[in-house]
There are 2 protein chains.
Amino acid sequence: MSDHAAPAPRITTGPLPGSRKIHVEGSRPDLRVAMREVDLAPGCGEPPVRLYDCSGPYTDPAATVDIAKGLPPLRTAWVLERGDVETYPGRPHRPEDDGLKPGETIAVPVFDRGGRLPLRAKPGCRPTQRAYARAGIVTPEMEYVAIRENLRRADLTRANRDGEDFGAAIPDEVTPEFVRDEIARGRAILPANPNHPEAEPMIIGRNFLTKINANIGNSAVASSVEAEVEKMVWAIRWGADTVMDLSTGRHIHATREWILRNAPVPIGTVPIYQALEKVDGRAEDLTWEVFRDTLIEQAEQGVDYVTIHAGLRLAHIPLTAKRVTGIVSRGGSIIAKWCLAHHRENFLYTHFDEICEILTAYDVGISLGDGLRPGSIADGNDAAQFAELETLGELTHRAWAFDTQVMIEGPGHVPMHKIKVNVEKQLALCGEAPFYTLGPLVTDIAPGYDHITSAIGAAMIGWFGTAMLCYVTPKEHLGLPDRQDVREGVVTYKLAAHAADLAKGHPAARLRDDALSRARFEFRWRDQFHLSLDPEKAQDFHDQSLPADGAKLAHFCSMCGPKFCAYQISQEVRDLAASQDGMAAQDGMAAMSEKFRAEGGEIYQPAKPAAE
Amino acid sequence: MSDHAAPAPRITTGPLPGSRKIHVEGSRPDLRVAMREVDLAPGCGEPPVRLYDCSGPYTDPAATVDIAKGLPPLRTAWVLERGDVETYPGRPHRPEDDGLKPGETIAVPVFDRGGRLPLRAKPGCRPTQRAYARAGIVTPEMEYVAIRENLRRADLTRANRDGEDFGAAIPDEVTPEFVRDEIARGRAILPANPNHPEAEPMIIGRNFLTKINANIGNSAVASSVEAEVEKMVWAIRWGADTVMDLSTGRHIHATREWILRNAPVPIGTVPIYQALEKVDGRAEDLTWEVFRDTLIEQAEQGVDYVTIHAGLRLAHIPLTAKRVTGIVSRGGSIIAKWCLAHHRENFLYTHFDEICEILTAYDVGISLGDGLRPGSIADGNDAAQFAELETLGELTHRAWAFDTQVMIEGPGHVPMHKIKVNVEKQLALCGEAPFYTLGPLVTDIAPGYDHITSAIGAAMIGWFGTAMLCYVTPKEHLGLPDRQDVREGVVTYKLAAHAADLAKGHPAARLRDDALSRARFEFRWRDQFHLSLDPEKAQDFHDQSLPADGAKLAHFCSMCGPKFCAYQISQEVRDLAASQDGMAAQDGMAAMSEKFRAEGGEIYQPAKPAAE
């Protein structure tokens, strides 16, 4: 699986090494929260470690995966019992939805919806999680999220909680009521289009675990729909909390249907990409009507959140003229081109209320795009970027008035000393609506390593209060990521998000670090691998130096070898101190010295046979 | 070269793609400072970009590399003309220096020193850069460093300087006098053993460019001395400012000689590793005499700085008893074992003055080791760590009294919110002596990706004031790094160090980012590659998506394809704004709109043939 040259598998299934899928039941039998648990070595005296799990049924050996049928519609009952949505025939499907010219026929398989019709709000209803939250209703989705976020945090003694959260309000325990309150305040969103009942509820907000998004896109070469679904499955296997489908070109609609029906995570899109396809790539030919139609098309399919660059106003464009790298957002440049060509205000801005009405009817979250995000260190935090952010603040409040769920996109390329003010401004201007940033990259000089330059900024901005981090792969600026690039990007962002959670003092975050470090210290190699973000790579790297199976039981590793191991002597120090009644050990040093010599004075202990 | 399976080359020579070696002459003809310059595309109107260069003659096509002869002794004349050192026969070479038993013969080639004898201080003299600096003497080494650090910073307009330096004193221009003053204050060190005249002078201090160190070690399998030299050459090719030789086992002395004679960067060691070999790996058998002899052995060979764990005191050991990961420093655990076995104070602490006398006689810098650095998030910033740091502060002042050059080693594993206080304490306790940290890693859960978890901490701690960052490779905690791991680790740390320099507002740092970003924006692909930290990987990644040679000239890339490119429209926006008299453009939007349409309204311009 780690070989670049190997043919891509069809759909990757099966658990990560050492993990078991579990389901924690909530207040009703159809509310079963998926998690994974890692069992540690028998005899080590440690309980299983419970981990947040984005990977869906694909890692559940008890689940049958058939992408032609799609995933079970987990949320349908919850959606329907609220009684505020209704089915309707939906807009007619058109050849241009798939980029086809009149007379052309579709060249990919079409997912069989089995007659399932789209759902939308009944007249006068606002079926969004925000509307429910503001009405004081705790939905099953909110309860699911509470259980999911909570993990075992109650097990962590309060004394261990330490961190700097910069004014966040992370609770000791996540209750359904807390989830409701955060959504009602607009500080969190729970993307959950009723037309995507396959998705497992998750939440994005600064008082919850930091989330990450992975982008996927269709291949230029006509690949199979299976390969497109596999991209999503692969990204969530390594930990993507949401996936954005940024496909362009032909068969967008049909491919997206396959992805949605098989996605256990929220799916985001940038609808203007598809709208642009419908006008043959000519930005100046875009119209509100084409955009509106595309938005409804995607909402009916089940897209959970959409990036809309409504904050890039005509008046902002001249502010980019002296930038080193101008406008680097694709959506931003499309809008800028349209505005320049017509000398008119951005139609997404002028039609913003209508956009919100549509989004609310399908509970599609809006991710307010930062079309003017900086594309270089030189442009970080400039007038164009912050002018747009002010508009995004205005739009946040307008969208909230429609009970649309809102998050805000952020940079980009920003040197470390300019990162924090981005969060401060965003929180202030946008009423603490969740921030969703791309990196930021903290230098421009490392193409080929931009997953790392951006992970530095991502960890920091996550710590400061960003709710979701959009991943960057090693191929950023250079080319299209392959399978291993996606894995590298996702794991890199998982570690950055986790570092942010640790620094914020998230109560459950350190459980995993401590469990892994204890495993490391006690030479429980397999436990160390299994608790890793990428257990396969960890084991593979260990195997490269010490391939023998017995090495997984050895009380040393290849770094220092059997002759001298720092961990081993440390354990002796600890044992000695314990035998001296703990910290009174200093007075007993002479005795310790004797005991140490009496016991052999050797730090290398031959590996013992494995415990049963 | 990027293929894991390919056989290792003998000695890698030749420039990085697009770079030329240059030499900037100082106040005397034998003071020629090596740098590299990247020429940008003809016609782009940009000057060559001058880059700091650690790679030595290996990247100079004009130099003849013959490792049997070693590098030219660049500094010999400077050393001798000061008249404060003298040759002497040196300590007798013993079989145990190479780990040989009586009667065994050495199994590796021995470097032919051609009769060169070791140098040491004349009686009563202190031939250290610190002593010279305090005496008001600007040495050629200091002038070299001033020119080297300065690069083109005078070209940067003052208006562009921005950053947060947390009380550092980074000058607009580095003068030889500034270098002298920083060394005299103890805020910087210039490691330069007279017995290593092959090294190009460099400086480590918070008011200079952030440096990185790469560790190398001999292979367990008896490899050729050429392979050992190549490890060093490979590390400096990618940007290691210093290299630590952490070899253990047999042939340490002989191998180190090959490395030193061929190293254009300072070489550091941890002498207790070799001392331990001399007592057959039994820590409790270590004596001051064996250690002292090893220190002199290495000083005579030319080691430029040594890690000595003198700050780990007997009384500190019980503080580690309740740690999750105890003592993880190898040197620290050796000392702890010795202290426990004898119930005596650390002999490195009790003999510290004698250590300083020896180091001063050879101008070997001391890197005060942090034997109690935390090995897990749980142990970060604990009582043991900070107790040792207090002792390191005491030892700093004691070493300064001998005119020994001093730096201080730091953690380790520390969550983000606990990083800054490490620097604050270190600066306060150690009188601003340079801080030299390993990472820190900001989470424990990503083995296989610990170059990244540690680069996050390294970038931050570098920003806060750390002078040198010790690299971590992807294999950390799991196994021994191979060639590609070393490259990955070095480049990752280069980008972290550079990010720190940007955030500190280092005046010259942003020149490279801006030049690369302009190249990116203007589709000068080759310039973008050549300005990258890893030009080969950047080009390789681009080739994977667009292998055709013409793609390097295309006004698009594989991310958005030719149909729509954000950069292209941005350039049009800029051109339009410029034609509208800059920022008055807003009033002229109608005219702009017309002009835009008149010019075709298309953003894709076919790639033009290459300029000559």
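This one's a predicted model, so the numbers in the text were calculated from it and none came from an experiment.

S.K.: Honestly, the interface of chain B and chain A in this entry has me stumped. Any pointers?
M.R.: When the parts of a complex come together, some accessible area is lost, and that lost area is often taken as the interface size. Between chain B and chain A, the residue contacts involve 121 residues of the former and 121 residues of the latter. In total, about 10,400 Å² of surface goes out of reach between chain B and chain A, with carbon and sulfur atoms giving 68% of it. Across the pair Asp162(B) and Lys418(A) runs a salt bridge whose closest N-O atoms are separated by 3.2 Å. Applying the counting criterion to the chain B and chain A interface returns 18 residue pairs in polar contact (both at pLDDT 80 or more).

S.K.: How should I be thinking about the sheet that holds strand 10 (residues 267–269) of chain B in this particular structure?
M.R.: The pairing of strands in a sheet happens through backbone hydrogen bonds and is either parallel or antiparallel. Residue and element names in this part refer to chain B. Strand order in the closed barrel formed by eight strands is 8-9-10-11-12-13-14-15, with parallel pairing between adjacent strands. Strand-to-strand twist of the sheet, defined as the mean angle between neighbouring strand axes without regard to direction, takes the value 25°. Sheet topology note: the strand 9 (residues 242–245)/strand 10 ladder contains three bridges and is parallel. Residue pairing in the sheet places Val243 in a bridge with Ile267 of strand 10.

S.K.: I keep staring at the relation of the copies chain B and chain A and nothing clicks. Help me out?
M.R.: Two chain copies here: they are related by a rotation about an axis and a translation along the same axis. Each copy superposes on the other: chain B lies on chain A with an RMSD of 0.0 Å after a rotation of 180° and an axial shift of 0.0 Å. The superposition operator between the copies reduces to a two-fold rotation axis. Residue Ile456(B), judged by its C-alpha, is the member of chain B lying nearest the rotation axis, at 2.4 Å. Comparing interface residues between copies, 100% of those in chain B also lie at the interface in chain A; the contact surface is shared.

S.K.: Please explain the nonpolar core as it appears in this structure.
M.R.: If you look at soluble globular proteins, the nonpolar side chains tend to sit buried side by side. Core analysis: the biggest nonpolar cluster contains 276 residues, and Met232(A), Met416(A), Met232(B) and Met416(B) have the highest contact counts within it. If we ignore the near neighbours within four places in the chain, the residues touching Met232(B) are Tyr58(B), Ile216(B), Val243(B), Ile259(B), Asn262(B), Ala263(B), Pro264(B) and Ile267(B).

S.K.: What is the right way to read the packing of aromatic side chains from this model?
M.R.: Any aromatic ring pair is given by two values, namely how distant the centres are and how the planes are angled relative to each other. Summed over the entire model, instances satisfying the criterion amount to 22 aromatic pairs over all chains. Each ring, one from Phe111(A) and one from Trp258(A), has its centre 5.2 Å from the other, and the planes form 90°; the classification is edge-to-face. Pair noted here: Phe111(A) is in the loop between strand 4 (85–87) and strand 5 (119–121) and Trp258(A) is in helix 6 (residues 252–261), with a separation of 147 residues, a long-range link. We classify Phe111(A) as buried; its relative accessible area is 7%. Considering the side-chain rings of Tyr305(B) and Tyr436(B), the 6.3 Å spacing of their centres and the 85° angle between planes classify their relative orientation as edge-to-face.

S.K.: Help me understand helix 16 (residues 509–521) of chain B, please; the structure alone is not making it clear to me.
M.R.: A turn of α-helix holds 3.6 residues, and therefore any two residues three or four places apart point the same way. Residue and element names in this part refer to chain B. Taking 1.5 Å of rise per residue, the 13 residues of helix 16 would be expected to cover 18 Å, and the 19 Å separating its terminal C-alpha atoms lies within 8% of that figure. Counting buried residues along helix 16, eleven of its 13 residues qualify, which places the element largely inside the surrounding structure. Looking only at helix 16, the buried set comprises Ala509, Arg510, Arg512, Asp513, Asp514, Ala515, Leu516, Ser517, Ala519, Arg520 and Phe521. Following helix 16 by one or two positions, Phe523 has its phi on the positive side, about 60°.

S.K.: Teacher, can you tell me more about the UniProt feature "domain: ThiC-associated" (unreviewed entry) in chain A here?
M.R.: Under the feature "domain: ThiC-associated" (unreviewed entry), the UniProt entry names residues 15–86 of chain A. Split by type, residues 15–86 of chain A is 8% helix and 26% strand. Its first and last C-alpha atoms lie 37 Å apart.

S.K.: What's the story with the environment of His343(B) in this structure? I'm lost.
M.R.: With respect to the element layout, His343(B) can be found in the loop between helix 9 (330–342) and helix 10 (347–350). C-alpha of His343(B) to C-alpha of Ala496(B): the two residues are 153 residues apart in sequence and 42 Å apart in space.

S.K.: Any chance you could explain the pairing of strand 8 (residues 211–216) of chain A here in plain terms?
M.R.: When a strand is regular, its side chains alternate between the sheet's two faces. All names here are of chain A. Of all six residues in strand 8, five are buried, a share of seventy percent or more. Here strand 8 pairs with strand 15 (residues 468–470) via three bridges, running parallel. The partner of Ile212 across the bridge, within strand 15, is Leu469. The pairing of strand 8 with strand 9 (residues 242–245) spans four bridges and is parallel. Each bridged residue has a counterpart across the sheet, and for Asn213 the counterpart in strand 9 is Thr242.

S.K.: Can you walk me through the pairing of strand 13 (residues 406–410) of chain A in this structure?
M.R.: Residue and element names in this part refer to chain A. With respect to burial, strand 13 is a largely interior element, five of its five residues being buried. Burial along strand 13 is two-sided: Val406, Ile408 and Gly410 facing one way and Met407 and Glu409 facing the other are all buried. Sheet topology places strand 12 (residues 365–368) next to strand 13; three bridges connect them, and they run parallel. Following the sheet pairing, Leu368 is matched in strand 13 by Ile408. The β-α-β motif built from strand 12, the intervening helix 12 (residues 383–401) and the parallel element strand 13 has right-handed crossover chirality. Where strand 13 lies against strand 14 (residues 435–438), three bridges are found, and the strand directions are parallel. Of the residues in strand 14, the one forming a bridge with Gly410 is Thr437. Crossover connection from strand 13 via helix 13 (residues 420–429) to parallel strand 14: handedness right-handed.

S.K.: Honestly, the environment of Asp514(B) in this entry has me stumped. Any pointers?
M.R.: Locating Asp514(B) in the fold gives a position in helix 16. Residue classification places Asp514(B) among the buried residues on the basis of a relative accessible area of 8%. Setting aside residues up to four positions removed in sequence, Asp514(B) forms contacts with Val324(A) and Ala378(A).

What counts and what doesn't
Residues numbered from 1 in each chain as written. Chains lettered and ligands numbered in written order. Predicted model: local features only at pLDDT ≥ 70, side-chain atom pairs only at ≥ 80, totals over all residues. Heavy atoms only, no water. Contact = heavy atoms within 4.5 Å. Buried area = accessible area lost by both parts, 1.4 Å probe. Salt bridge = Lys/Arg side-chain N within 4 Å of Asp/Glu carboxyl O. Polar contact = N/O pair within 3.5 Å; in protein donor to acceptor, adjacent residues only side chain to side chain. Pairing = 2+ DSSP bridges. Helix = DSSP H or I, 4+ residues; strand = E, 2+ residues; numbered from the N terminus. Axes fitted to C-alpha atoms, helices over the stretch in contact; angles between N-to-C directions. Least-squares fit on C-alpha atoms with pLDDT ≥ 70 in both. Core = buried A, V, L, I, M, F, W, Y, C linked by side-chain atoms within 4.5 Å. Buried < 20%, exposed > 50% of the residue type's maximum accessible area, 1.4 Å probe, protein only. Phe/Tyr/Trp six-rings, centres within 6.5 Å; stacked < 30°, edge-to-face > 60°. Expected span 1.5 Å × (residues − 1). UniProt positions renumbered as here; feature names shortened; annotations may be inferred. Right-handed = clockwise from strand over helix to strand, strands pointing away.

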